[in-house]
2 protein chains.
Amino acid sequence: MTDGSTRHPDDSFHVFDTTLRDGAQREGINLTVADKLTIARHLDDFGVGFIEGGWPGANPRDTEFFARAATELDLRHAQLVAFGATRRAGAEAARDPQLAALVDSGAPVVTLVAKAHDRHVELALRTTLEENLAMVRDSVAYLRSRGRRVFIDCEHFFDGYRANRDYALAVVRTAYEAGADVVVLCDTNGGMLPGGVREIVAEVLAATGARLGIHAQDDTGCAIANTLAAVDAGASHVQCTANGYGERVGNANLFPVVGALEIKYGRSVLPLGKLAEMTRISHAIAEVVNLTPATHQPYVGVSAFAHKGGLHASAIKVDPNLYQHIDPELVGNTMRMLVSDMAGRASIELKGRELGYDLSAERELLGRVVARVKEQENLGYTYEAADASFELLLREEVHGSRLRFFTLESWRTISEQRQEGGTGNEATVKLWAKGERIVATGEGNGPVDALDRALRTALERIYPQLAKLELVDYKVRILEGSHGTGSRTRVLVESADGTATWSTVGVADNVIDASWHALEDAYTYVLLKSGLEPGQD
Amino acid sequence: MTDGSTRHPDDSFHVFDTTLRDGAQREGINLTVADKLTIARHLDDFGVGFIEGGWPGANPRDTEFFARAATELDLRHAQLVAFGATRRAGAEAARDPQLAALVDSGAPVVTLVAKAHDRHVELALRTTLEENLAMVRDSVAYLRSRGRRVFIDCEHFFDGYRANRDYALAVVRTAYEAGADVVVLCDTNGGMLPGGVREIVAEVLAATGARLGIHAQDDTGCAIANTLAAVDAGASHVQCTANGYGERVGNANLFPVVGALEIKYGRSVLPLGKLAEMTRISHAIAEVVNLTPATHQPYVGVSAFAHKGGLHASAIKVDPNLYQHIDPELVGNTMRMLVSDMAGRASIELKGRELGYDLSAERELLGRVVARVKEQENLGYTYEAADASFELLLREEVHGSRLRFFTLESWRTISEQRQEGGTGNEATVKLWAKGERIVATGEGNGPVDALDRALRTALERIYPQLAKLELVDYKVRILEGSHGTGSRTRVLVESADGTATWSTVGVADNVIDASWHALEDAYTYVLLKSGLEPGQD
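Keep in mind that this is a model prediction, so the values were computed, not measured.

## Some thoughts on the domain arrangement of chain A
Residues and elements named next belong to chain A. Parsing chain A into structural domains produces domain 1 (15-289), domain 2 (306-378) and domain 3 (407-529). A C-alpha centroid distance of 40 Å is found between domain 1 and domain 2. Contacts between the two partners involve six residues from domain 1 and, on the opposite side, seven residues from domain 2. Buried area between domain 1 and domain 2, both sides added, is near 530 Å², and the carbon and sulfur share of it is 60%. Where domain 1 touches domain 2, the interface holds zero salt bridges.

## Description of the pattern of salt bridges
Inspection of the entire model under this criterion finds 67 salt bridges over all chains. Ionic pairing is found between A:Arg21 and A:Asp22, a salt bridge with its closest N-O pair at 3.5 Å. Among the ionic pairs, B:Arg21 bridges to B:Glu52, the shortest N-O distance being 3.0 Å. Here the residue B:Arg21 occupies a position in the loop between β1 (14-17) and α1 (33-46), and B:Glu52 occupies one in strand β2 (residues 50-54), the gap between them amounting to 31 residues. Assigned by exposure class, B:Arg21 and B:Glu52 land together as buried. Connected via shared salt-bridge partners are A:Glu364, A:Arg368, A:Arg372, A:Glu396, A:Glu397, A:Arg402 and A:Asp521.

## A few points about the side chain of B:Asn243
All names here are of chain B. Residue placement: Asn243 occurs in the loop between β8 (237-240) and α10 (254-264). For Asn243, a relative accessible area of 11% translates into the label buried. At 3.1 Å, the side chain of Asn243 forms a polar contact with the side chain of Tyr245. There is a polar contact of 2.7 Å between the side chain of Asn243 and the side chain of Ser282. Not counting the four nearest positions on each side in its chain, Asn243 is found in contact with Asn253, Phe255, Ser282, Ile285, Ala286 and Gln297.

## A word on the sheet that holds strand β6 (residues 182-187) of chain B
The strands making up a sheet are joined through hydrogen bonds of the backbone, oriented either antiparallel or parallel. Residues and elements named next belong to chain B. Pairing within the closed barrel is parallel, and its eight strands lie in the order β1-β2-β3-β4-β5-β6-β7-β8. Along the sheet, successive strands turn relative to each other by an average axial angle of 25°, direction set aside. Pairing between strand β5 (residues 149-155) and β6: four bridges, direction parallel. When the sheet's bridge partners are listed, Phe151 is paired in β6 with Val182.

## So, the environment of A:Thr111
Residues and elements named next belong to chain A. Relative to the helices and strands, Thr111 resides in strand β4 (residues 109-115). According to the relative accessible area criterion, Thr111 is buried, its value standing at 0%. The sequence separation of Thr111 and Val238 amounts to 127 residues, and the corresponding C-alpha distance is 13 Å.

## Things to note about the UniProt feature "domain: Pyruvate carboxyltransferase" (unreviewed entry) in chain A
Under the UniProt annotation, the feature "domain: Pyruvate carboxyltransferase" (unreviewed entry) is placed at residues 13-276 of chain A. For residues 13-276 of chain A, the end-to-end C-alpha separation is 20 Å, with 44% helix and 17% strand making up the annotated structure.

So, how was this worked out
Residues numbered from 1 in each chain as written. Chains lettered and ligands numbered in written order. Predicted model: local features only at pLDDT ≥ 70, side-chain atom pairs only at ≥ 80, totals over all residues. Heavy atoms only, no water. Domains from an automatic or database assignment. Contact = heavy atoms within 4.5 Å. Buried area = accessible area lost by both parts, 1.4 Å probe. Salt bridge = Lys/Arg side-chain N within 4 Å of Asp/Glu carboxyl O. Helix = DSSP H or I, 4+ residues; strand = E, 2+ residues; numbered from the N terminus. Buried < 20%, exposed > 50% of the residue type's maximum accessible area, 1.4 Å probe, protein only. Polar contact = N/O pair within 3.5 Å; in protein donor to acceptor, adjacent residues only side chain to side chain. Pairing = 2+ DSSP bridges. Axes fitted to C-alpha atoms, helices over the stretch in contact; angles between N-to-C directions. UniProt positions renumbered as here; feature names shortened; annotations may be inferred.

The following block contains the structure:
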């Protein structure tokens, strides 16, 4: 295990992400190990310096995460960090099982949470102030002796500093002198405002000379500002989470913090070119976590550069920067006009170009496509995450008719839980393809799985290209304004053929019907891409 | 019409709300006049000093709002404000129809937006810098002569100050000398950070001696902090919107701004007792606007005081303030304990207490429940969002057996898209209740809807309490999504009986089966809550 501190090219400023540890404490998030690995890849892709993966030992899922990360995660920018606590009161660091688990995780960097508020030492830890300092000293020293780079999270630091300044400073000094590389001042209860943070961070820096970090919670709605205030006062390590996920209101949001540092402060804290990936990565992480991306998030939200006001629109025609603080392209976002169809045509044209259609001279067609997209989106469709379905829609408008390689006659699914136990799922599809009527039945884990197998069975003989088709992901969302179990449902299906992946969407009043539409588009698309011309049915 | 400035008891600090004007520019908001009147009542109820109602004359709906407000709105705390712009270039104030409409609205206070950025005067207004100053002077003077109190919104102020300091200051002085009571510095594009705001506000105050206000947009995620920074520098008028609604990312959120001023600054900016109404009013306004209340809003969000981490729970047992920056009751919110795989005995005990069980002396039982929760969560269950299922699990551990009011024999669902068109969904349930075997069939919008109806049909006669049961929400999550359409599925169902709502969860390899389990729990729970003792089957 190499010493973590020499690996990272520029160690002078740390962008430290704790989505997988603190972010996971947000109500409504429940991450599997696979989810965590996927998110870690996105974060590494974005270029953060550190990814705090969880609390191995304390949390079995996290122990598994670190074990799998060792072979499955190939990080190019970030270092993995294991989170844990100082040794138990009265115990020996070298024999503390929790610290041992941190070492066993294999992570090159460890963050230890330590109490910095006298009241918490007494009430929550139920030990003495002196013993707490020894816990800090011993634990840091132990981990350093095992070749780990150590950061210390001083929990409740600001409240502790205001209650007992000397003790809080003693914790900082003890940690730093024992070998912690960064002492992170945590506003754990989130009650601080930026003025107070700036003041205290400056005082602590002057009093201890330690390298300081900041961990802000968002309970007053000032986490981003508090983080920047700490940087203003000399902190060089910021702890954030993607999309601000976290306990209670949440944590300092990685994206606006990095956005401010890069764009407003002119500091290069990400690898070159990564800022423009911000919108994509923010949305990708929200998808993994299965939370609707916050539409009004700074920089990356779908509404962040959406202009409604009439005065704004006319000014923007002259110069978009009249009503935008930055060019949205800087962060991978786009401007949207909410009332004008001029911008609508422009986006369709650009998307069409992306898909290989030159529609620059096709003003009327573009107008029709814009209208259809708006109509579909009103019904619940989303083409942002379903490029293949969009291409089929575009093709339909260009050629004047819907592309069909098969025509459905009927489908039926039967799901049952039997008296003797066990569940069964069966689907039958009746369709026409290349002039032939086909009836096929499939069985599966669920009604949609059965429907997919029935459709594949029906078509595979006629269209051998379908053999490569594999359905790799499947998302269901009940759309806003749900009416109990009879809700409008949107299904997104991701397919692959070994070389490419693509997404399709279906919307209906129930999940089976919506899935049928998404599957139909997926099968149609793969046949289109295989170079087939549609035959007659 | 009385002179507005003498009416309000304490005019030294202004809480100025612009939900109905700027807030309405949020994507997705579309307010009727009735909506606006209702929101105005809520805002007045909360005790804001000023309610900016819209742009009469320019916006017909707003003209109607002011007309109706004259007779229908009985404001006890706030004054109504009409928003508009300075006179047209080259025109006479007294003959400007837009200014006339502002007077006609009857509002005692008028806010005029004026350009304070030279580039905007030239590109957007297409007039000279001198003429723009005259427009400001004349318009303010005219409205004062008509007995109105005037505030000026200096649009793009901070960008304008940085581009051409002298001109921006000239606009401030001109407005103030012409009789504007407050000159509001607007960060219209939202690109400012708190440090810059504080500096500029302090400089403007020193240079002009005008009474200053702040209007912050949230594009950098710092609107609240920017507002407070301006107050720190001497501003005494803050413009906000309820729930931060507004153009693009949004405006400074009224509730955390007022929360900070009242609780952190110890300043009384609301009438006595109103702070405790904050949560209720925030949610009420979200209802009118038909947007789901943001769950993670500071102070008022349903997650704002929801605790997940196990360590947090054990500390909270000792003292809730160990992990909360304020007592949630101060703002009308409540603390919630979340049960998840992060839960420990303390979380279960506190959650049990919330549900009416005293488990303080039941250490062994608590340990068993913790183990079962972790085991279930590992299978994909989530109890955080399914209180009722959790209570059934707890009850099972307490009483030693699963609570049953009915025993399933079998169920079956059939979904089909028919040859002649149209889809159909039917379910048949066979079960035993109170010694009787029942077979029932239901039809619905989808297979789960049909299953729900079949179950209700089967049980309603035997258990009339079920008549009140209504399923109001339904969420599906495919777990470990990498198995395509054959994935482990989690379903959350929210039910209501007219007075309370509760949530249940089900996990299985397909959505129908998972839904069955969630429905079974929901029905069992409502029967439990109705006071029934389980009979034998």
